[in-house]
Structure formats: structure tokens, C-alpha cells
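Each chain is listed here by its residues.
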Amino acid sequence: MTQVTGNALTGAEAMVRLLQAHGVKHIFGLCGDTSLPFYDALYRLNHGMEHILTRDERCASYMADAYARVTGRVGVCEGPSGGGATYILPGVVEANESSVALLSITSDVSVTSQGRYPLTELDQTALFRPLTKYNGVIDHADRLPNMVRAAFRSITTGRPGAAHLGLPIDVQKAPVDEDDVWAQSDFETFPAWPSGPDPKAIEKLANAIVAAKSPVIVCGGGVVLAGAEAALQTIAERLNIIVATTVSGQGSLADSHANCLGVVGSNGGVAQTRAIVDQADLVLYLGCRAGSVTTERWRSPARGVKVVHIDSDPMAISANYQTDVAVVSDVRLALQALEAAFQAMGTDKIDFGGAAIISSAVQSKFAAFDALATSNDSPIKPERVIAELNRVLPSDAVIVADPGTPCPYFSAFYQIPHAGRYFISNRAHGALGYSLSAAIGAQVGRPNSKVVAAMGDGSFCFTVGELETVTRLNLPITFIVFSNSVYGWIKAGQKTGFGERYYSVDFNRTDHAAVAAAFGLKSWRVEDPADLSRILKQAFDHDGPTLVDIICQPLQDTEAPVSEWIA
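I will try to describe carefully the structure that is included in this document.

Basis of the calculations
- Residues numbered from 1 in each chain as written.
- Predicted model: local features only at pLDDT ≥ 70, side-chain atom pairs only at ≥ 80, totals over all residues.
- Heavy atoms only, no water.
- Buried < 20%, exposed > 50% of the residue type's maximum accessible area, 1.4 Å probe, protein only.
- Helix = DSSP H or I, 4+ residues; strand = E, 2+ residues; numbered from the N terminus.
- Pairing = 2+ DSSP bridges.
- Right-handed = clockwise from strand over helix to strand, strands pointing away.
- Axes fitted to C-alpha atoms, helices over the stretch in contact; angles between N-to-C directions.
- Contact = heavy atoms within 4.5 Å.
- Phe/Tyr/Trp six-rings, centres within 6.5 Å; stacked < 30°, edge-to-face > 60°.
- Lys NZ or Arg CZ within 6 Å of the ring centre and 35° of its normal.
- Core = buried A, V, L, I, M, F, W, Y, C linked by side-chain atoms within 4.5 Å.
- 1 Å grid on protein atoms, 1.4 Å probe; cavity = no way out; pocket = protein on both sides within 12 Å on 5 of 7 lines; lining within 4 Å.
- Points joined across faces, edges and corners; volume = space filled by probe spheres on them.
- Nonpolar A, V, L, I, M, F, W, Y, C, P; charged D, E, K, R; others polar.
- Polar contact = N/O pair within 3.5 Å; in protein donor to acceptor, adjacent residues only side chain to side chain.

1. Description of the pairing of strand β2 (residues 26-29)
Logical step 1: Every second residue of β2 is oriented toward a common face, with His-26 and Phe-28 on one face and Ile-27 and Gly-29 on the other, all of them buried.
Logical step 2: By the bridge criterion, four bridges tie β2 to strand β3 (residues 50-53) in an arrangement that is parallel. The partner of Gly-29 across the bridge, within β3, is Leu-53.
Logical step 3: As for the winding sense of the linkage, the β-α-β connection from β2 through helix α2 (residues 36-44) to β3 is right-handed.
Logical step 4: The pairing of β2 with strand β4 (residues 75-79) spans two bridges and is parallel.

The following block contains the structure:
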């Protein structure tokens, strides 16, 4: 390709300037030989961005995912060609399916060497096509600026998602017209350019809700993504209506709010919350796919219950339930329009009695929980851990929970006192190893909050190498390991669905505290529940990274808030 002359930028320099122009502040990634021009441009240019070196490309994408969730800004990750491109995939697909704006940049072999068996050659376009909202390998430097702008525009508008851009090494060296290096600031954050609802659909929705006798709102992750928490609270209080959430929807309404029922579904839901959904004569889904976990495999609510739905993605509406009223809109704008419709209707006297119904259910739920949470049994019960965290964590703490033992317990019983993004779990695909690395992205994005990563010991070993990143950056994250020497979720499934035929799910116990100490973390091992509160407080008060290894009851032996292990 033509060499750079005059005032032209190289492709690598243009990429750096375009990221800067889109308001990027942090890049998570790992170096490779095809990335050298890009790294050199990052070194030479004054751009104000911080590159965070990770120990694994998968972890870089998880960090970018969580960073985007807590900041509302596009998360950016990068990696080299070949293996780097394959390793970065898990976080890309998780972000895309969770409606999180993430840009993944992978360097590539030169365009001129394609098809000649160069080292690390891979069809990146085909690899990323089914996993992203926008995808392309930049095969000519002239196309670079427009493709970068298109990626940001795609992933921040409509239903947010992930993008992939392949950046061949010769394109990084080729000239780009400096006048074409610009960005539109609208696409620095998401959701950008939100679309409002059809007024007729809002009128139909308001009439349907008013006509109901026992309606329930079920909030998915779209409520927090849209910044619709305040609009939801206004409607919940106007109607005194029951508001439930999915795991991803936690934070739509503060857990302490009188109208918040908490999480429903097979992961984190309990009998008391399930009964309330089952008695509803109308269910309003907000930014929610009504998938298998949320609906107990489409049994709660039952078929035939009136369903109304607000979502920015029309494909999510009517995917699982026949829908009486569909509103295709940004959730915040739709709720604001719905509130205006209620005002016009004069609904001040409508009272669905939600607070009283919720109070009774929540009291019953926590009575059962408290009986286990006060246990002095060893191994320590997970309920005891959650109860202690409820007592000692600051109110603005951010929890990043892996699947397995942490997710159902935090979803059911950890009390988030504020609306907003204070709980993160990778619910789209549930890959183990997410929380250890994602917590780094959350801490970088929200540096003044206490970040806690909770994981099982199976998850710990997936991404343990990122503890070096934590100590290098001296991030004050506390890692909590529920240590029970088993892939507990699978063993519980073998217990309940396969006649206790346990096969290839147990492994040796690791001294996680010793491993963490070797990486430079302050760490503790807890076996006696009487020590738990004191040690957790010490961990949270420490001014650097910490890990608490808790010897816990195996998940298959617990009374976990899980109704179905194969969801």
C-alpha cells in the first residue's frame, strides 16, 4: 500500500484519533505482532486515553463489557490476529446479547498476504459475523474512518450491541486523509438517538393497565440501559403497582422501594415471588425478552394471561407470548409518555395495592432466608455470606457476580438500596470466569465505588491470571470465592435430574488465599462463620486488592433459590 506523505495520518494513527474523537478514555487489550503499528501510535500520540494491558483477550472483552455497563460509554477492547481474535469472542457475544455497546478491534495479517498461508491468518469477517451487530475487516485505509464511525453508530443506536473491526497490519501503515478523521459526539454513549413510542400504542397500553385488576411489571436489563429508573418509579408510585425484575433488570427500582418485589424466575426467584406473577391478570414486560429463566420456561405467567410489552427491539416482543399491546420504543421515552397518558386520564385514585402484597411476600421470603443466614454450620452456608455482605458493604458498592453459586443468592437476597447499575452478571451466556476480570472494568469505570467480585472456585481458575493486572493497577477490588471444590450448578442438575449420578464435576480444593497472596493481594481463608463479618470488613477497609476464600456448602446440598437447574 502507498506510504504516508504530507499531512496524512497512518491507518494506526487514524484509528487512535478516531477512538479519541469518540470520547474513548480506556482501552483494554493485549499486544501482538500484527498490532505493533497501532501500539506505536498509542505510544507516540497525545490522545488522553489509557491502555490497560490484560493477560488474556477474553478478559479484555469482559472488562470492556462491565466498563460500558457502569459508565454508559462504549467499552473498547483489542487483541491481535489469529488466537487473539478467537480468545476475545466470549466477551463480544456476551455484550452483544446483553445489549451493551462494545467495540472489539483485532489486528490482522496484511491484505496483500491473504490466501498465502501467513502465520495467524483467519477469516475474521466470518468468525465475528454471527456474534455482532456490526462487523468488518478494513481492507483499505480509505475505508477506515467511515467504518469506525459506522461501528460506533450501529452499537449505540436502536438496541445497543457489539461491533468488531479487523485492522490489517498494512492498513495500519497506509495513509488516511486527516480531514476524514472526525466523529459525531452523539455516539460516545448509549443508547444514542432513542426513538419514542407511537401515541396510539401508548393510549392502548394505558387503557389495558387501568382495566387490569392485578397487574405486574417485569423489568429486564433494558430499563437500566435506557436510564428509565426514575420514570419507572413515578409510574410504580402513581399506580401502587408491583414491580418485579429479571436478574439483569436488578436496579430498575431500588430493592428498598415499597413497590419492588425483587427478582422472579428460576434463578433467584422463590415461591413467594412466583406466586405473585402467577396471580397476575396482566404482565407488562419492560426491556425484557421474557426468556426461559425469567418465565420458568414460559410457565410463569401461564399462557393466556394478558401480556403487554415495551422494548426498543421489535424482535423481542411476541417472541414468547402473544402480546395484546406492543410498544416499540426506548423504555424511558415510553414510560414518560405512559405517565403523561395517565395524567390525562386522571388516574390519581387508581391503587393496585402492590406495596401491601409485596410486603407480605418479602417478609415471608426473608424469614426463610434468615433462618439459614444465622446458621453457624460449617461449611459456611451461602446465605450467611450474603447476610454479612448486606450488613457491611457500602450502599454504593458494585457487585459483579459469576454464574453458579453467586448469581441466584445475590439475585434473591442481596439488597441494593439504590436504583441503577449496582449489580452485574453475565446473563446472556453465563460463561464462567466473567466476574474476576469484569470487576476490573467496573472499577476502572467507577473508581470511587467499592467493587466486589463474587465467584465459585470453578470460575476462579478460568481467569485467575488477571490478579496480576489487579495488583499492577492496585485496584481496591475485593474478590470473594465460594470455595466448594465442585462445578456446583452441574452437580445440582445431576442430583435433581439424573438420579444423583455424579460424573466428572468434582475437583481438588485450591488454597485460593495462597494463590492470591502469591499475586500480591491481601487475602484470608474463612472456615468458621463467626469470623466472616470481621474478615469481610477488614477486606473492604484495606486500601488495595483483597481476596476472601470462603469454605462454603456445596451448591447441590444448599437450599438455593433455583427452581430448575436446566433452564
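2. So, the sheet that holds strand β15 (residues 398-401)
Logical step 1: The strand order across the open sheet built from six strands is β16-β15-β17-β18-β20-β19, with neighbouring strands paired in parallel fashion. The open sheet has two edge strands with one neighbour each: β16 (423-425) and β19 (522-526). Along the sheet, successive strands turn relative to each other by an average axial angle of 15 degrees, direction set aside.
Logical step 2: Sheet topology places strand β18 (residues 478-483) next to strand β20 (residues 546-551); six bridges connect them, and they run parallel. Along β20, the bridge assignment pairs Phe-479 with Leu-547.
Logical step 3: Contacts between helix α16 (residues 406-413) and the sheet are confined to β15, β16, β17 (451-456) and β18, with β17 contributing the most and set at about 130 degrees to the helix.

3. What to know about the packing of aromatic side chains
Logical step 1: One pass over the full model with this rule turns up 12 aromatic pairs.
Logical step 2: Here the aromatic rings of Tyr-487 and Phe-507 are separated by 5.1 Å at their centres, their planes lie at 65 degrees, and the arrangement is edge-to-face. You can see Tyr-487 sitting in the loop between β18 and α20 (488-497) and its partner Phe-507 sitting in the loop between α20 and α21 (512-519), a full 20 residues away along the chain.
Logical step 3: Judged by its relative accessible area of 34%, Tyr-487 falls in the partly exposed class.
Logical step 4: An aromatic cluster is built from Phe-366, Phe-369, Tyr-409 and Phe-413, whose rings are joined through pairwise contacts.
Logical step 5: Sitting over the ring of Trp-182, Arg-149 keeps its end group 3.9 Å from the ring centre.
Logical step 6: For Arg-446, the ring lying beneath its charged end belongs to Tyr-422, and the centroid distance is 5.2 Å.

4. What about the environment of Ala-162?
Logical step 1: Topologically, Ala-162 is positioned in strand β7 (residues 162-168).
Logical step 2: Its relative accessible area of 0% is what places Ala-162 among the buried residues.
Logical step 3: Considering only alpha carbons, one finds Ala-162 and Val-92, 70 residues apart in sequence, at a separation of 6.2 Å.
Logical step 4: Each residue touching Ala-162, except ones within four places of it in the same chain, is listed here: Val-92, Ala-95, Asn-96, Val-100, Leu-102, Thr-132, Lys-133, Tyr-134 and Ile-155.

5. Quick look at the nonpolar core
Logical step 1: Counting 129 residues, the largest nonpolar core has Leu-19, Leu-103, Phe-410 and Phe-479 as its most contacted members.
Logical step 2: With nine residues, helix α3 (residues 57-71) is the largest single contributor of residues to this core.
Logical step 3: Once residues lying within four places of it in the same chain are set aside, the contact partners of Phe-479 are Leu-436, Ala-453, Met-455, Leu-467, Val-470, Leu-521, Thr-546, Leu-547 and Val-548.
Logical step 4: Grouped together as the second largest cluster of nonpolar side chains are 36 residues, Ile-217, Leu-239, Leu-335 and Leu-338 included.

6. Focus on the environment of Ala-530
Logical step 1: If you trace the backbone, Ala-530 turns up in the loop between β19 and α22 (532-541).
Logical step 2: Accessibility expressed as a relative area gives 55% for Ala-530, which makes it exposed.

7. A look at unusual backbone geometry
Logical step 1: Put simply, Ser-300 and Pro-301 share a cis peptide bond, and its omega is 10 degrees.
Logical step 2: Relative to the assigned elements, Pro-301 resides in the loop between β12 (282-286) and β13 (306-311).
Logical step 3: The amide bond that connects Ser-378 to the next residue, Pro-379, takes the cis arrangement and shows omega of 0 degrees.
Logical step 4: Here Pro-379 is to be found in the loop between α14 (354-373) and α15 (382-392).
Logical step 5: Unlike most non-glycine residues, Ala-290 shows phi in positive territory, near 55 degrees.
Logical step 6: Within the secondary structure, Ala-290 is located in the loop between β12 and β13.
Logical step 7: Judged by its relative accessible area of 3%, Ala-290 is buried.

8. Remarks on empty space enclosed by the protein
Logical step 1: Applying the stated criterion across every chain, the model contains five cavities of 30 Å³ or more.
Logical step 2: What lines the largest cavity is a set of 13 residues, and nearest its centre among them are Val-264, Gly-265, Val-277, Thr-294 and Ser-300.
Logical step 3: No other element matches the three residues that helix α12 (residues 271-278) contributes to the lining of the largest cavity.
Logical step 4: Grouping the constituent residues of the lining of the largest cavity by class yields six nonpolar, five polar and two charged.
Logical step 5: The volume enclosed by the second largest cavity comes to roughly 50 Å³.
Logical step 6: Taken together, His-22, Gly-23, Val-24, Lys-25, Tyr-67, Arg-73, Val-74 and Glu-188 make up the full set of residues lining the second largest cavity.
Logical step 7: Split into classes, the residues belonging to the lining of the second largest cavity amount to three nonpolar, two polar and three charged.

9. Here's the deal with the environment of Val-24
Logical step 1: Assignment of secondary structure puts Val-24 in the loop between α1 (11-21) and β2.
Logical step 2: The exposure class assigned to Val-24 is buried, which follows from its relative accessible area of 6%.
Logical step 3: Taking the C-alpha atoms as reference, Val-24 lies 14 Å from Val-70; in sequence the two are 46 residues apart.
Logical step 4: Beyond its immediate sequence surroundings of up to four residues, Val-24 is in contact with Leu-19, Met-49, Val-76 and Phe-152.

10. Overview of the side chain of Ser-81
Logical step 1: Structurally, Ser-81 can be placed in the loop between β4 and α4 (83-87).
Logical step 2: At a separation of 3.0 Å, a polar atom in the side chain of Ser-81 contacts the side chain of Thr-34.
Logical step 3: Ignoring any residue separated from it by four or fewer positions in sequence, one finds Ser-81 in contact with Thr-34, Ser-107, Asp-108, Val-109, Thr-120 and Gln-124.

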